[in-house]
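Structure at a glance
Residue-level listing of the chains:
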Amino acid sequence: VQLQASGGGLVQAGGSLRLSCAASGRTFSNYGMGWFRQAPGKEREFVASINWIGSGTYYEEAVKGRFTISRDNAKNTVYLQMNSLKPEDSAVYYCAAAGRPYTGTWYRNPAYWGQGTQVTVSS
């Protein structure tokens, strides 16, 4: 199983980026997926999750109203649209996935991790 994250980069404050995470080696249409991030000197933290059919989403408080998570099960891909970016959003962003199907709280202990993509927001 591989999760390949892409879409990171350098953007000015107030700008937007769209991250993608393509899964391979397994079909994740029955599994929760989401995003975490880790800034230098800080622990990895949860950002957003989406359930297996895309009907339920959950966000970390600091990104609510600015980030939107979505998925395309036909493409085995999850996305994170990030708008109104702030310097404090700068981090390595990791996609993650559940290890068991139909698990609502999978993000408490993800089974699979992607390699991370760097997001840098300049002030």
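This text follows the structure it describes.
In this report, the structure presented in the accompanying data block is examined. Keep in mind the model is a prediction, meaning the values are calculated, not measured. (Residues numbered from 1 in each chain as written. Predicted model: local features only at pLDDT ≥ 70, side-chain atom pairs only at ≥ 80, totals over all residues. Heavy atoms only, no water.)

Comments concerning the packing of aromatic side chains
Here the structure, examined in full by the defined rule, presents nine aromatic pairs. Aromatic side chains F36 and F46 sit 5.6 Å apart centroid to centroid with 80° between the ring planes, which places their arrangement in the edge-to-face category. Of this pair, F36 sits in strand β4 (residues 33-38) while F46 sits in strand β5 (residues 45-50), and the two are 10 residues apart along the sequence. According to the relative accessible area criterion, F46 is buried, its value standing at 15%. Considering the side-chain rings of W106 and Y107, the 6.2 Å spacing of their centres and the 85° angle between planes classify their relative orientation as edge-to-face. Of the two residues, W106 and Y107, both sit in the buried class. (Phe/Tyr/Trp six-rings, centres within 6.5 Å; stacked < 30°, edge-to-face > 60°. Helix = DSSP H or I, 4+ residues; strand = E, 2+ residues; numbered from the N terminus. Buried < 20%, exposed > 50% of the residue type's maximum accessible area, 1.4 Å probe, protein only.)

Some remarks on the pattern of salt bridges
Applying the stated rule across the entire model yields five salt bridges. Notably, a salt bridge pairs D89 with R37, separated by 3.0 Å at the nearest N-O pair. Here R37 lies in strand β4 and D89 lies in the loop between β8 (77-82) and β9 (91-97), a separation of 52 residues in the sequence. The exposure classification of D89 matches that of R37, with both residues buried. Between R66 and D89 there is a salt bridge, and its shortest N-O distance comes to 2.7 Å. Here the residue R66 occupies a position in the loop between β6 (57-59) and β7 (67-72), and D89 occupies one in the loop between β8 and β9, the gap between them amounting to 23 residues. Across this residue pair, the class does not change: R66 and D89 are buried. A network of salt bridges, in which partner residues are shared, links R37, E45, E60, R66 and D89. (Salt bridge = Lys/Arg side-chain N within 4 Å of Asp/Glu carboxyl O.)

Comments concerning the nonpolar core
One finds W35, L80, M82 and Y93 to be the most contacted residues of the largest nonpolar core, which totals 35 residues. Contributing elements (two or more residues each) for this core: β1 (2-6), β3 (17-24), β4, β5, β7, β8, β9 and β11 (117-122). Here this core gets five residues from one element, more than from any other, and that element is β9. If we skip the residues at most four places from it in the chain, M82 touches G15, S16, L17, L19, R66, F67, Y93 and V119. (Core = buried A, V, L, I, M, F, W, Y, C linked by side-chain atoms within 4.5 Å. Contact = heavy atoms within 4.5 Å.)

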